[in-house]
Amino acid sequence: MATILVNGKEVSLSDTERLNAIQAAQRAGVAIPHYCWHAGLSVVASCRMCLIEVGKKDEKTGKISMQPRLVPACQTPATHGTVLVTDSPKVAQARAMVEEDLLLRHPVDCPICDKAGECLLQDYHFQYGREQRRADIKPFTSRRRDLGPTITLFVDRCVMCSRCVRFTREISGTSELMVIHRGAHEEIDVFRDEAGNIVAPLNNKLAGNVVDLCPVGALGDKDFLYQQRVWFLKSHDHVCAGCATGCSIKVDENQDRIYRLKPRENPHVNQWWICDEGRYSYHHVHSPQRQTQLRKRQGQDLTTCDWSQLVPELDRVVRQGGRVAAAISPQLTLEEAYLLASYLRQAASQLVLAVGPVPVVGDDERFPSGFTIRAEKCPNRRGVELIVDHLGGRALDWPGFLAELQAAPCDVVWLTGGYPQTWHDEATAQTIRQAGSTLIVQDCFSSPLWELADYQIPGATFAEREGSFVNAGWRLQSFRWAVRPPSGVLPEGALYWQLLGRRGLYRATDILAEAAREMAALAVVADGVPPLGVDLRVRQLAEAAEPDALAAQA
């Protein structure tokens, strides 16, 4: 066990931990300012904002010997006996000098900068900078330069932390960004020809992360640029529904409109990153093509109806139908799948339960950092399979479901969608329509099946759901809804809750606890889910090890 001193306070570190002074100070509740250091990137110690006093305590005599010069905390390992001083006048003077130097060449264009409100240069200036500016203020706007289809560089705002350059070299492995010129003339740029035309644009599948990494307003996301002030945004912890990786994200919204998605640190899933496909996957939430009107078929016509009338009518249709078939979409949460399967199991005399279509595009793509974009473009196949296998008797897939319908027609066919893209064709729709007397479709957008349905039930998107997803690595993560659905749309969980005749409001946490008591595979989440999620394989490993442990005791 290593012990270090941070401003006179003892902090204990385990023997397996390898931390630098910034990380060790965080354990003591002390924040050391920094621009260039990031836990997911290599150390360059170039910004000099994290300069501190460092010494060593003699274990025998207790005497502390301090180094004569300040050293960068990001490059200083925290070992046994290390002494860190972060609040001395010497350190304060060094920080003020760094801030003053950065602001000599930095444009004072905060009122039009997207980073205003979450800019480290702003925060550090007010916290560590000088009370008065000694140089003349020259208000000017920054030169703007395109780096690629999604990223803009505001050249003069850059503080040359080189985070973005290191990201493209170490994380994406594409190396589009570089540092051009020298000394005070250094700038970030992509490779260009003699005429200044871009030869290799910043266009990799993780490019948007450089905007998150930038500590100032130098790098701008064209999708978010000038759309909203960050102090108006409310941030919600959520899970990306773009693929089976299930990245931890933050949904930033204002008045139920999403303006951006950002990565949320999770070392078990996505580290500090998300792909651009997931980052920009929220636009369908506010698409004008969203279906928001509840309809039912009467003869050849579709008429609007009310949710209060639909619930008892659906219940009557399902209970009077002899054979019921349902495909549960992997876009639904585990809790929604559990409620629908539970309802159909108790209401239908004969039940065929299956997992809905699982979209697969290409192959898994793995980057040098280990981050993986999955070919499976849905967030919860494993979770829905657990429910279908437990309550349906077997985990029937989509091709098996279609074969089952062709072999034996059903009285009622219930299909759930929620896909942001097309998930079936006209031929499949006709096959299903002919196999069922009554067709119930829940979806967000119009489709061949939607047009043929007897009941058209508008569904929610990922940001409007509350519940849990199980990713490709069997990690279960829970989340709350980030925005409310459009008027006329009832989230699937709330509808199933009412069909089961339960009182009060739908609460995903209660459903997950109920499912955990019933299903051994979910027992590990019976007491709740931590912010970073739970690996469902923990129980499986424990059960596998238990016979060996008993044998050893015997």
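Remember, predicted model here, so these are calculated numbers, not experimental data.

The rules we used
Per chain, the residues get numbers from 1 upward, laid out in the order the sequence is written. A pLDDT threshold of at least 70 governs which residues receive local features in this predicted model, and a stricter bar of 80 or more applies before side-chain atom pairs are shown or counted, although totals over entire chains, interfaces and linings include all residues. Side-chain numbers here rest on the full set of heavy atoms in the structure, without hydrogens or water. For every element, the axis is a line fit to its C-alpha atoms; helices are fit only across the contacting stretch, and the angle between N-to-C directions ranges from 0 to 180 degrees. Here a helix means four or more residues in a row that DSSP labels H or I, a strand means two or more in a row labelled E, and each is numbered from the N terminus. Oblique is the label for every angle not falling under 35 degrees (roughly parallel), over 145 degrees (roughly antiparallel), or within 65 to 115 degrees (roughly perpendicular). Here is the rule for handedness: rotate from the far helix to the near one, and if that takes an anticlockwise turn smaller than a right angle the crossing is left-handed, while a clockwise turn gives right-handed. A contact between two residues is defined here by any heavy atoms of the two lying within 4.5 Å. Following the grouping adopted for this structure description, the nonpolar residues are Ala, Val, Leu, Ile, Met, Phe, Trp, Tyr, Cys and Pro, the charged ones are Asp, Glu, Lys and Arg, and the polar ones are all others, Gly among them. Every helix has an expected span of 1.5 Å times one less than the residues it contains. A simple rule labels every residue: compare its accessible area, found with a 1.4 Å probe on the protein chains alone, to the largest value its type can have, and call it buried under 20%, exposed over 50%, or partly exposed in between. Two strands qualify as a pair provided DSSP detects at least 2 bridges between them. The path from the first strand over the helix to the second decides the hand: if it runs clockwise while the strands point away from the viewer, the crossover is right-handed. N or O atoms within 3.5 Å of each other form a polar contact, as long as, within protein, one can give a hydrogen and the other can take it, and as long as residues adjacent in sequence are counted only when both atoms are side-chain atoms. Centres within 6.5 Å are what make two rings of Phe, Tyr or Trp a pair, Trp counting through its six-membered ring; a difference in plane orientation under 30 degrees is then read as stacked, over 60 as edge-to-face, and the rest as tilted. Lysine and arginine charges are scored as sitting over a ring when NZ or CZ, respectively, is within 6 Å of the ring centre and within 35 degrees of the ring normal. The term salt bridge refers to a side-chain nitrogen of Lys or Arg lying within 4 Å of a carboxyl oxygen of Asp or Glu.

Chemist: Help me out: how do you make sense of the packing of helix α10 (residues 398-407) against helix α11 (residues 426-435) in this one?
Modeler: Packed helices, taken two at a time, are described by the angle between their axes plus the distance between the axes. As a packed pair, α10 and α11 sit with axes 9 Å apart at the nearest point and diverge in direction by 45°. Considering the angle they form, α10 stands oblique to α11. For the element pair α10 and α11, the recorded crossing hand is left-handed. Residues W398, L402, L405 and Q406 of α10 form the contact with α11, whose own contacting residues are T428, T431, I432 and A435.

Chemist: Hey, could you run me through the packing of helix α8 (residues 334-347) against helix α13 (residues 492-499) in this one?
Modeler: At a closest axis distance of 9 Å, the pairing of α8 and α13 adopts a crossing angle of 30°. What the angle tells us is that α8 and α13 run roughly parallel. Considering how the two elements wind past one another, α8 and α13 form a crossing that is left-handed. Residue-level contacts link E336, L339, L340 and Y343 of α8 to E492, G493, Y496, W497 and L499 of α13. Split into classes, the residues belonging to the contact of α8 with α13 amount to six nonpolar, one polar and two charged.

Chemist: Sorry, what's going on with α8 here?
Modeler: One full turn of an α-helix is made of 3.6 residues, so residues set three or four places apart face in the same direction. Between its first and last C-alpha, α8 extends 20 Å over 14 residues, near the 20 Å set by a 1.5 Å rise per residue. Of all 14 residues that make up α8, twelve are buried, and the element is covered over most of its length.

Chemist: Can you walk me through the environment of A45 in this structure?
Modeler: Position of A45 among the secondary structure elements: in the loop between α1 (21-27) and β3 (51-57). Sequence separation between A45 and R95 is 50 residues; the distance between their C-alpha atoms is 14 Å. Ignoring anything within four residues of it in the chain, the contact list for A45 reads C36, P72, C74 and Q75.

Chemist: Help me out: how do you make sense of the pairing of strand β19 (residues 350-355) in this one?
Modeler: Within a regular strand, side chains alternate between the sheet's two faces. Here strand β18 (residues 323-328) runs beside β19; their pairing, made up of six bridges, is parallel. Bridged to I328 within β19 is V355. Read from β18 through α8 to β19, the crossover connection turns out right-handed.

Chemist: So what exactly am I meant to see when it comes to the side chain of S142 here?
Modeler: As for its position among the elements, S142 is in the loop between α3 (120-128) and β7 (144-146). Only 3.5 Å separates the side chain of S142 from the backbone oxygen of F154, close enough to count as a polar contact. One polar contact links the side chain of S142 to the main-chain amide nitrogen of V155, over a distance of 3.2 Å. S142 has contacts with P107, D109, F154, V155, D156 and R157, leaving out every residue within four places of it along the chain.

Chemist: Could you clarify how one ought to interpret the packing of aromatic side chains in this entry?
Modeler: Think of a pair of aromatic rings as described by two things: how far the centres are apart, and how the planes are tilted against each other in angle. Per the counting criterion, the structure on display carries twelve aromatic pairs. Ring geometry for W414 against Y496: centres 6.3 Å apart, planes inclined by 65°, an arrangement best described as edge-to-face. A residue pair is termed long-range when its members are at least 10 positions apart, and W414 in strand β22 (residues 410-416) and Y496 in helix α13 qualify at 82 residues. The residues W414 and Y496 share a single accessibility class, namely buried. With a centroid separation of 5.2 Å and an interplanar angle of 25°, the aromatic rings of Y419 and W423 are classed as stacked. On the basis of relative accessibility, which here comes to 1%, the residue Y419 falls in the buried class. Each residue in the set W398, F401, Y419 and W423 is aromatic and connected to the rest through ring pairs, giving one cluster. Between the NZ or CZ atom of R260 and the centre of the ring of F224, over which it lies, the distance is 4.7 Å. Over the ring of W497 we find R502, and its NZ or CZ is 5.7 Å from the ring centre.

Chemist: Any chance you could explain unusual backbone geometry here in plain terms?
Modeler: A negative phi holds for most residues other than glycine; trans holds for most peptide bonds. One non-glycine residue, S162, lies in positive phi territory at about 65°. Residue placement: S162 occurs in the loop between β8 (151-154) and α4 (163-170). Residue class for S162 comes out buried when judged on its relative accessible area of 15%.

Chemist: Could you clarify how one ought to interpret the sheet that holds strand β15 (residues 257-263) in this entry?
Modeler: Consider a sheet: its strands pair through backbone hydrogen bonds, and that pairing is either parallel or antiparallel. Spatial ordering of the open sheet is given by β13-β14-β15, a layout of three strands whose pairing is antiparallel. For this open sheet the edge positions go to β13 (234-239) and β15, each flanked by a neighbour on one side alone. The mean angle between the axes of side-by-side strands here comes to 30°, regardless of whether they run parallel or antiparallel. Where strand β14 (residues 248-254) and β15 come together, six bridges link them in antiparallel fashion. Bridge pairing links D252 to R260 in β15.

Chemist: What is the right way to read the pattern of salt bridges from this model?
Modeler: Any two side chains of opposite charge can pair, given that their charged atoms come close. Throughout the structure, instances matching the rule amount to 35 salt bridges. The closest approach of N and O atoms between D256 and R484, which form a salt bridge, is 2.7 Å. Of this pair, D256 sits in the loop between β14 and β15 while R484 is found in the loop between β26 (475-479) and α13, placing the two residues 228 residues apart along the sequence. Using a relative accessible area of 22% as the deciding quantity, one classes D256 as partly exposed.

Chemist: Can you walk me through the sheet that holds strand β12 (residues 219-221) in this structure?
Modeler: Spatially, the three strands line up as an open sheet ordered β7-β8-β12, and their pairing is antiparallel. On the outer flanks of this sheet lie β7 and β12, each paired with one strand and no other. When the angles between neighbouring strand axes are averaged without regard to direction, this sheet yields 30°. Here β7 pairs with β8 via three bridges, running antiparallel. Across the sheet, the residue bridging to D146 is T152, located in β8.

Coordinates in, geometry out; function isn't part of it.
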